[in-house]
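# Per-entry structural report
The chain contents come next:
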Amino acid sequence: MTYNSSSALLHAALDAVLHGWYVFPLRPGTKRPALHGETACRGTGPCAGGHRKWEDRATNDPDRIQAAWSHAPYNVGIATGPSRLVVVDLDRPKAKSSSGAPCGATTFQALCERAGHAVPDTYRTRTASGGEHLYFTAPHGLRLGNTAGTIAPLVDTRAWGGYVVAAGSTTPAGQYEAPYDRLAAPLPAWLQTILQPVPKASEAPSGVVAGQSRRYADVALTNEARNVATAQVGERETKLFRAARALGRFVAWGDLPRSVVEQALQEGGEAAGLSASECRSTLRSALDWSIAHNQSRRDAA
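Given the structure is predicted, the values throughout are model-derived calculations rather than measurements.

## Considering the overall build of the chain
Secondary structure assignment for the chain yields 9 helices and 11 strands. Looking at the 301 residues of the chain, the share that counts as buried comes to 43%. A separation of at least 24 residues holds for 74% of the contacts in the chain among residues at least 6 apart in sequence. Of the roughly 15,700 Å² that the chain leaves accessible, carbon and sulfur atoms contribute 50%.

## Observations concerning the pattern of salt bridges
On inspection of all chains with the given rule, the structure shows 6 salt bridges. Residues E235 and K239 are paired through a salt bridge, measuring 3.7 Å at the closest nitrogen-oxygen approach. With a closest N to O distance of 2.9 Å, R258 and D288 form a salt bridge. One end of the pair, R258, is in helix 8 (residues 258-272); the other, D288, is in helix 9 (residues 276-292), and 30 residues separate them in sequence. Linked through salt bridges whose partners overlap, the residues forming this network are R258, E262 and D288.

## Some remarks on the packing of aromatic side chains
What describes a pair of aromatic rings is the distance from one ring centre to the other and the angle between the planes of the rings. Summed over the entire model, instances satisfying the criterion amount to 8 aromatic pairs. When the ring of W21 is compared with that of Y123, the centres are 5.2 Å apart and the planes differ by 70°; the resulting orientation is edge-to-face. Of this pair, W21 sits in the loop between helix 1 (6-18) and strand 1 (23-26) while Y123 sits in the loop between helix 4 (104-114) and strand 4 (124-126), placing them 102 residues apart in sequence. Among the residues examined, W21 registers a relative accessible area of 4% and is labelled buried. A relative accessible area of 6% means that Y123 is categorised as buried. Members of the aromatic cluster, each reached through a chain of ring pairs, are W21, Y123 and Y135. Just above the ring of W160 sits the side chain of R143; from NZ or CZ to the centre is 3.9 Å. Residue placement shows R245 over the ring face of W289; its charged tip is 3.6 Å from the ring centre.

## With respect to the sheet that holds strand 1
With antiparallel pairing, the 3 strands of this open sheet are ordered in space as 1-2-8. The open sheet has two edge strands with one neighbour each: strand 1 and strand 8 (163-165). On average, each strand axis in the sheet is inclined to that of its neighbour by 35°, with strand direction left out of account. Two strands pair when backbone bridges link them, and strand 1 and strand 2 (residues 75-79) are joined in this way by 4 bridges, in the antiparallel orientation.

Basis of the calculations
Residues numbered from 1 in each chain as written. Predicted model: local features only at pLDDT ≥ 70, side-chain atom pairs only at ≥ 80, totals over all residues. Heavy atoms only, no water. Helix = DSSP H or I, 4+ residues; strand = E, 2+ residues; numbered from the N terminus. Buried < 20%, exposed > 50% of the residue type's maximum accessible area, 1.4 Å probe, protein only. Contact = heavy atoms within 4.5 Å. Areas by Shrake-Rupley, 256 points an atom, 1.4 Å probe, with all protein chains shown as cover. Salt bridge = Lys/Arg side-chain N within 4 Å of Asp/Glu carboxyl O. Phe/Tyr/Trp six-rings, centres within 6.5 Å; stacked < 30°, edge-to-face > 60°. Lys NZ or Arg CZ within 6 Å of the ring centre and 35° of its normal. Pairing = 2+ DSSP bridges. Axes fitted to C-alpha atoms, helices over the stretch in contact; angles between N-to-C directions.

What follows is the structure in structure tokens.
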């Protein structure tokens, strides 16, 4: 394998900067950062005030980039967090996995269809292993972390704390390429909802609360969460959906915080074997419907 020249990789780094992204060098022919780690840090130069990892040292300064890539044919890393990027990594099944296993692109397309949307048209790269990276710009103020297989099989995401290999870089497996000239599209709202963690309730519902309705709501929450957690294959989504519909009225009436209901049913659904994204999608639609249709309190039986 002949790696790209320093000039070609410098061009790739500067091209990334033209998109507004922050880059740092990767070791020639690899996906590993070329910068020193914390254990090898001497506390000098850029680290004089304390160790600075690759995310801290990523830059969009053309002069710094020119100086760095003049030393060696470094591959190009894009620090997704500072670049305000969320990159969806669509991987391919490993060679030893089942030949019938769907690739990340297939499972992501299915996820989009369940959400009622087409696969977004955005900047993308073809990875050296034959997968794809879909680039999205994150809204200002949103700080998402990385995920690994939580939204769908073989679908990971990179945001704060993560990086991706830029187009133009080369590894022994092949080259990273950007086949189409596109701008990174804004992160779709439905995908943002899936990626954002369910808010943690500051306090669980108390067993000693005033009013018969709130006591009834607490009991209903416990029973519904248990029913979801013990659901068998073939009935898990249905039980989760019905539980959310049933408990949504207590959210509408002010007896239970929505975050408490979401957390309890999310944990129950995952305990039953549903993925985190499946739970979030079902809970969102079922609770929205129930809250909208139960604005007026009816006397509990």
